[in-house]
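Each chain, letter by letter, is given below.
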Amino acid sequence: MGPHPAVAAIRLAVRRVLHDILNDHHAAAEHNPHERPPSPLVLVACSGGADSMALASALAFEAPKLGVRAGGVTVDHGLQPGSDLRAEEVVLRLRELGLDPVESTAVSVGREGGPEAAARDARYAALDAAAERHGATAVLLGHTRDDQAETVLLGLARGSGIRSLSGMAAVSGGPGAARRYRRPFLQLDRQTARKACMVQSLPVWDDPHNADPAYTRSRLRQEGLPALEKALGKGVVEALARTAQLSRDDADALDAWARQAEASVRDAAGLLECAKLYALPPAVRRRILRQAAIEAGAPAGSLFARHIEEIDRLITGWRGQGAINLPGKVVAQRQGGRLVIRQG
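Sequence order sets the numbering: in each chain, residues are counted from 1 along the sequence as written. Only residues with pLDDT of at least 70 get local features here, since the model is predicted, and only at 80 or more are side-chain atom pairs given and counted; chain-wide, interface and lining totals rely on the full set of residues. Side-chain metrics in this entry use all non-hydrogen atoms of the structure; hydrogen atoms and water are not considered.

*Asks:* How would you sum up unusual backbone geometry? Please name residues and give values.
*Replies:* The step from D100 to P101 runs through a cis peptide bond, and the omega angle for that step is 5°. Positioned with a positive phi, S201 is a non-glycine residue whose angle comes to about 60°. Segments assigned H or I by DSSP are reported as helices when at least four residues long, segments assigned E as strands when at least two residues long, and all are numbered from the N terminus. With respect to the helices and strands, the residue S201 is situated in the loop between α7 (190-199) and α8 (216-232). Burial status follows relative accessibility: with a 1.4 Å probe on protein chains alone, a residue under 20% of its type maximum counts as buried, one over 50% as exposed, and anything between as partly exposed. On the basis of relative accessible area, S201 is assigned to the exposed category, the value being 62%. Non-glycine residue K329 carries a positive phi angle of around 60°.

*Asks:* Before we move on, can you summarise the sheet that holds strand β6 (residues 177-182) with the specific residues and values?
*Replies:* Taking strand neighbours across the sheet as the criterion, the six strands line up as β3-β2-β1-β4-β6-β5 in an open arrangement whose pairing is mixed. Only two strands of the sheet have a single neighbouring strand rather than two, namely β3 (102-106) and β5 (171-174). Strand-to-strand, the axes of this sheet are offset by a mean angle of 35°, without reference to chain direction. Note on pairing: two strands pair once DSSP finds at least 2 bridges between them. As paired elements, strand β4 (residues 138-140) and β6 share two bridges and run parallel to each other. Within β6, the residue paired with V139 across the bridge is Y181. Between two residues, a contact is recorded if the distance between any of their heavy atoms is within 4.5 Å. Only the stretch in contact is used when fitting a helix axis, every axis being a line fitted to C-alpha atoms; angles between N-to-C directions are given from 0 to 180 degrees. Contacts between helix α4 (residues 115-134) and the sheet are confined to β1 (41-45), β2 (69-76), β3, β4, β5 and β6, with β6 contributing the most and set at about 110° to the helix.

*Asks:* Explain α7 to me, and be specific about the residues and the numbers.
*Replies:* Buried within α7 we find T192, A193, A196 and C197. The buried residues of α7 all sit within an arc of 135° when viewed along its axis, so they share a single face. Along α7, the residues that are exposed and aim more than 90 degrees away from the buried face are Q191 and M198. Those residues of α7 that are buried are in contact with α1 (5-30) and α2 (50-66). Directions are taken from the helix axis to each C-beta atom, and the arc is the one they span.

*Asks:* I'd like to hear about the packing of α8 against helix α9 (residues 236-262), residue by residue, with values.
*Replies:* One can describe the packing of α8 onto α9 by two numbers: an axis separation of 9 Å at closest approach and a directional angle of 105°. Overall, the two elements α8 and α9 adopt an arrangement that is roughly perpendicular. Of α9, the residues touching α8 (which contributes L225, L228, E229 and L232) are V236, V237 and L240. Among the residues making up the contact of α8 with α9, the classes are represented as six nonpolar, no polar and one charged. An angle below 35 degrees is treated as roughly parallel, one above 145 as roughly antiparallel, one from 65 to 115 as roughly perpendicular, and anything else as oblique. Under this grouping Gly is polar, as are all residues other than the nonpolar Ala, Val, Leu, Ile, Met, Phe, Trp, Tyr, Cys and Pro and the charged Asp, Glu, Lys and Arg.

*Asks:* Would you mind going over the sheet that holds strand β9 (residues 330-335) in detail, with residue names and values included?
*Replies:* Taken in spatial order, the four strands of this open sheet run β7-β10-β9-β8, and their pairing is antiparallel. Looking along the sheet, the strands with just one partner apiece sit at the ends: β7 (272-273) and β8 (324-326). Judged from the two bridges that link them, β7 and strand β10 (residues 338-343) form a sheet pairing that is antiparallel. Bridged to L272 within β10 is L339. Against the sheet, helix α11 (residues 282-296) touches β7, β8, β9 and β10, its axis set at about 35° to β10.

*Asks:* Please give an account of the state of the cysteines that cites residues and values.
*Replies:* Cysteine sulfur atoms that come within 2.5 Å of each other are treated as a disulfide pair. Here the structure, examined in full by the defined rule, presents zero disulfides. With no disulfide partner, C197 has as its closest neighbouring cysteine sulfur the one in C46, 8.7 Å distant. With a relative accessible area of 2%, C197 lands in the buried category.

*Asks:* Could you give an account of the pattern of salt bridges, naming the residues involved and the relevant values?
*Replies:* Pairs can form between side chains of opposite charge once their charged atoms are near each other. Salt bridge criterion: a side-chain nitrogen from Lys or Arg within 4 Å of a carboxyl oxygen from Asp or Glu. Per the stated rule, a full pass over the model turns up 26 salt bridges. D24 serves as the salt-bridge partner of R182, at 2.9 Å between the closest nitrogen and oxygen. Of the two residues, R182 sits in strand β6 while D24 sits in helix α1, which places them 158 residues apart along the sequence. Take D24: its relative accessible area is 30%, and that puts it in the partly exposed class. Residues D312 and R286 are paired through a salt bridge, measuring 3.2 Å at the closest nitrogen-oxygen approach. With D312 in helix α12 (residues 305-316) and R286 in helix α11, this residue pair connects regions lying 26 residues apart in the sequence. Taken together, the shared-partner salt bridges in this structure form one network comprising D147, E150, R190, R217 and R221.

*Asks:* Talk me through the layout of surface pockets; I want residue IDs and the actual numbers.
*Replies:* Of the voids in this model, the second largest pocket is the one considered here, and its volume is about 470 Å³. Two kinds of site are reported from a 1 Å grid over the protein atoms alone, namely cavities, where a 1.4 Å probe fits but cannot get out, and pockets, open sets with protein on both sides within 12 Å along at least five of seven lines, and residues are called lining when an atom falls within 4 Å of a point. Surrounding the second largest pocket, 25 residues form its lining, A170, R183, P184, L186 and Q187 being those nearest its centre. Contributing elements (two or more residues each) for the lining of the second largest pocket: α1, β6 and α9. Its residues assigned to classes, the lining of the second largest pocket comprises 13 nonpolar, four polar and eight charged. Grid points are joined across faces, edges and corners, and a volume is the space filled by probe spheres set on the points.

Below is the structure:
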């Protein structure tokens, strides 16, 4: 008799990702045939919640069969009393699963961008540092299809374009590592992960922040999505996750188009020519403008759709308006038919 269907599902998802990681590892080794690299190390980011504990258990089961080293890291955000003790408990559970190396890392959460964004930034910085410290090839994250649906709705509420509707990528990068983060569970629902923990008798910790209405994502999870399902019927989560993938495909195509078109709209001095920009489709033109602002020093996280729209009006609605101030002390202005974006 095989494993419970929920356990089989999480193991299959992890197995597929480990095969992808091994393929990347072997491809990299072919570029340096004289040096045999060690077997790859894959870390699981684990909070002790059901999603990440299910992921850790599946990694511990699948990795040895494929010759992959498996470890884990838990991040102590220090936002709740006793968080350090819970982090120690998670470390113990990961070691009991057979993962090695395993560590807990404490972070200091700032305030920039709000509490949720600040905690996320601190968490990813800690995970990047742990991956570098241990020489890990990849870090697995336990985001589920439900998390993806929430991310799409949050992007929709911000009104910040198709890229925000594309949700989380199955594969994304960190500093110097374009494919560091892997999300095996984006096609699985949260209930499957919880069921897998239950049938394996894995203890899980339910973060009270996930039910705290002070947090936007928590309100969406507890109130918003259930209301949508009540109004529209079951299947909303699956539809939103499908929207994320379709949006990501479209956004990737438009990004590629913008990269190809950028050289054709610059003059010999490298300045952007307004007439040539005007001839491009708005979705392509605005991507070029956004990238130019970022390259000039505007922080990507502080550059919103309204900023890009203001720059765009220098091209499409030119009435002799003055310079536009952007985040990061960057200034955009039109001069002699050219668009100049630079530090002010």
